[in-house]
Amino acid sequence: MDAFFASVEQRDHAEWRGKPLVVGGPPNSRGVVCAASYEARKYGVKSAMSCYRAYQLCPNAIFTPPRFEVYRLISKQIREIFLEYTDLVEPLSLDEAYLDVTVNKLGIQHASVIAKEIRRRVYEKTGLTCSAGVAENKLLAKIASEQNKPNGLFVILPNDSHNYLADLKLSKFHGIGKITFEKMQSFGWEFGRDLLKIKEEELIKHFGKMGRRYFEMVRGIDDRPVESSREAKSIAVETTFEKDSDDFDSLLLVLENLAIELSNRINKRDRMGKTLTIKVKYADFTLKSRSVTSESFLYLAKDIADQSSNLFRNFWSENVSSSKKVRLLGISLSNLNHLMATDDGQLSLF
């Protein structure tokens, strides 16, 4: 879906259409941006950014809290359309999914035709636009889906994939983030064709196990099947600091923001969990973690923040003698279960 949360809000509030819109916490707050309309993205506003930073970039933006129960119901409507074509639907979140239509229920020969039909029907059903990528595997389909956003369709034919990936900027590959791309740039690697020249052993030397994945990625190799029954065992968020820190209060503030981001992420995936884990990586790359299991399920940002803060306080007091600074903080939820909206809009467990 195209800027899903923000597009739903603009659909339901005509006065917000065509204006920069941020779904998240209040402006100038410590909350996190859940979604930004394309008008807001022109100012550099993006998901997972603090609302304080979003307000600095776009002070004239409209800020509105998320309505996850509405997003879930719309996602369910869209999923029902998918299932009319194939049972092999692998949801990644409320607004994204892989479909395997190699053998489809309607016997349509071309996947691009199915993609056009689905996009049309989603718009007719919900009033929302979506973009689609058609290719021979999940890696290529993901890249293709980003090519003509918003409201676009892009097809990568099997015979064209090699040349397409060779000319593609490495930052456009799903799985190569900003820091990894900058490291690749330092070696003089900017496009797929640059990485094609590098041996697998050298990539593993520089990037560990991910080096093998990058070696396959740039060659379009992806044998992962579309798994319709896949269940995530845990959902996590983390951040690596530009400068290592031993400031307890600052680290606690980071944890609170991570809790908001984790709450947004598990709500998008229609989940909640009982076991919360914090991860701490020191400047020397030593990694430690602490976990706690609650009697009740966690999905609200405040509850996640309270649990993670308490856990971190205990961890900090146990390691107060350590002079090492912190490089990375992360929190995750496991022991998951589904969350759904009932007809009256309330959340319930099933």
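Structure: see above.
Every value quoted in this text rests on a predicted model; they were computed, and no experiment measured them.

K.L.:
Is there a simple way to think about the overall build of the protein chain in this case?
P.N.:
Looking only at helices and strands, one finds 13 helices and 12 strands in the protein chain. Taking 20 Å as the expected radius of gyration for a compact globule of 350 residues, we find that the protein chain reaches 21 Å, a close match to that expectation. On the principal axes, the C-alpha backbone points of the protein chain span a range of 65 × 55 × 40 Å. Summarising the internal contacts of the protein chain: among those between residues at least 6 apart in sequence, 59% fall at separations of at least 24. Accessible surface, the protein chain: about 18,500 Å² in total, of which carbon and sulfur atoms supply 49%. In the protein chain, which carries 51 positive and 46 negative side-chain charges, the distance between the mean positions of the two groups comes to 3 Å.

K.L.:
Hey, could you run me through the sheet that holds strand β1 (residues 21-23) in this one?
P.N.:
Hydrogen bonds along the backbone pair up the strands of a sheet, which may run parallel or antiparallel. Taken in spatial order, the three strands line up as β2-β1-β3 in an open sheet, and their pairing is mixed. The two strands at the open ends of the sheet, each matched to only one other strand, are β2 (35-36) and β3 (62-64). Inspection of the sheet shows β1 paired to β3 by three bridges, in the parallel sense. The partner of Leu21 across the bridge, within β3, is Ile62. Contacts from helix α1 (residues 4-12) reach β1, β2 and β3, with the element oriented near 120 degrees to β1.

K.L.:
Can you walk me through the pairing of strand β4 (residues 89-93) in this structure?
P.N.:
The sheet contact formed by β4 and strand β5 (residues 96-99) spans four bridges and is antiparallel. Bridging across to β5, Val89 finds its partner in Leu99. Where β4 folds back onto β5 in an antiparallel hairpin, the turn is made up of two residues.

K.L.:
For this particular structure, what's the right way to read the environment of Asp247?
P.N.:
Of note, Asp247 is situated in the loop between β8 (234-245) and α12 (248-268). It is 8.9 Å that separates the C-alpha atoms of Asp247 and Val326, two residues lying 79 residues apart in sequence. At 3.1 Å, the side chain of Asp247 forms a polar contact with the backbone nitrogen of Asp249.

K.L.:
What exactly am I supposed to notice about the pattern of salt bridges here?
P.N.:
Two side chains bearing opposite charge may form a pair once their charged atoms approach each other closely. Under the criterion given, the structure shown has 21 salt bridges. Between Arg11 and Asp12 there is a salt bridge whose closest N-O contact spans 2.8 Å. Asp12 gets classed as partly exposed once you look at its relative accessible area, which sits at 33%. The partner of Glu146 in a salt bridge is Lys142, with the nearest N and O atoms 3.6 Å apart. Residue classification places Glu146 among the partly exposed positions, given a relative accessible area of 44%. For Lys142, a relative accessible area of 11% gives the class buried.

K.L.:
Hey, could you run me through the side chain of Asp194 in this one?
P.N.:
Looking at the element boundaries, Asp194 is found in helix α9 (residues 192-196). As a buried residue without a salt bridge, Asp194 has its nearest oppositely charged side chain in Lys197, at a separation of 4.5 Å. Polar contacts involving the side chain of Asp194 include one to the main-chain amide nitrogen of Glu190, which spans 2.9 Å. Of note is the side chain of Asp194, whose polar atom sits 2.8 Å from the backbone nitrogen of Phe191. Residues contacting Asp194, with those up to four places away along its chain left out, are Gly188 and Trp189.

K.L.:
Please clarify how α12 should be interpreted in this entry.
P.N.:
Counting along an α-helix, one turn takes 3.6 residues, and residues three or four places apart therefore face a common direction. Spanning 21 residues, α12 covers 30 Å between terminal C-alpha atoms, matching the ideal 30 Å at 1.5 Å per step. Taken as a whole, α12 has its buried residues at Leu251, Leu252, Leu255, Leu258, Ala259, Glu261, Leu262, Ser263, Asn264, Ile266 and Asn267. With a side-chain oxygen positioned 3.1 Å from the backbone nitrogen of Asp249, the residue opening α12 is Asp247. Where α12 terminates, the next one or two residues include Asp270, which has phi positive at roughly 60 degrees.

How each quantity is defined
- Residues numbered from 1 in each chain as written.
- Predicted model: local features only at pLDDT ≥ 70, side-chain atom pairs only at ≥ 80, totals over all residues.
- Heavy atoms only, no water.
- Helix = DSSP H or I, 4+ residues; strand = E, 2+ residues; numbered from the N terminus.
- Rg over C-alpha atoms; globule rule 2.2 N^0.38 Å.
- Contact = heavy atoms within 4.5 Å.
- Areas by Shrake-Rupley, 256 points an atom, 1.4 Å probe, with all protein chains shown as cover.
- Lys, Arg positive; Asp, Glu negative; His and termini not counted.
- Charge placed at Lys NZ, Arg CZ, Asp CG, Glu CD.
- Pairing = 2+ DSSP bridges.
- Axes fitted to C-alpha atoms, helices over the stretch in contact; angles between N-to-C directions.
- Polar contact = N/O pair within 3.5 Å; in protein donor to acceptor, adjacent residues only side chain to side chain.
- Salt bridge = Lys/Arg side-chain N within 4 Å of Asp/Glu carboxyl O.
- Buried < 20%, exposed > 50% of the residue type's maximum accessible area, 1.4 Å probe, protein only.
- Expected span 1.5 Å × (residues − 1).

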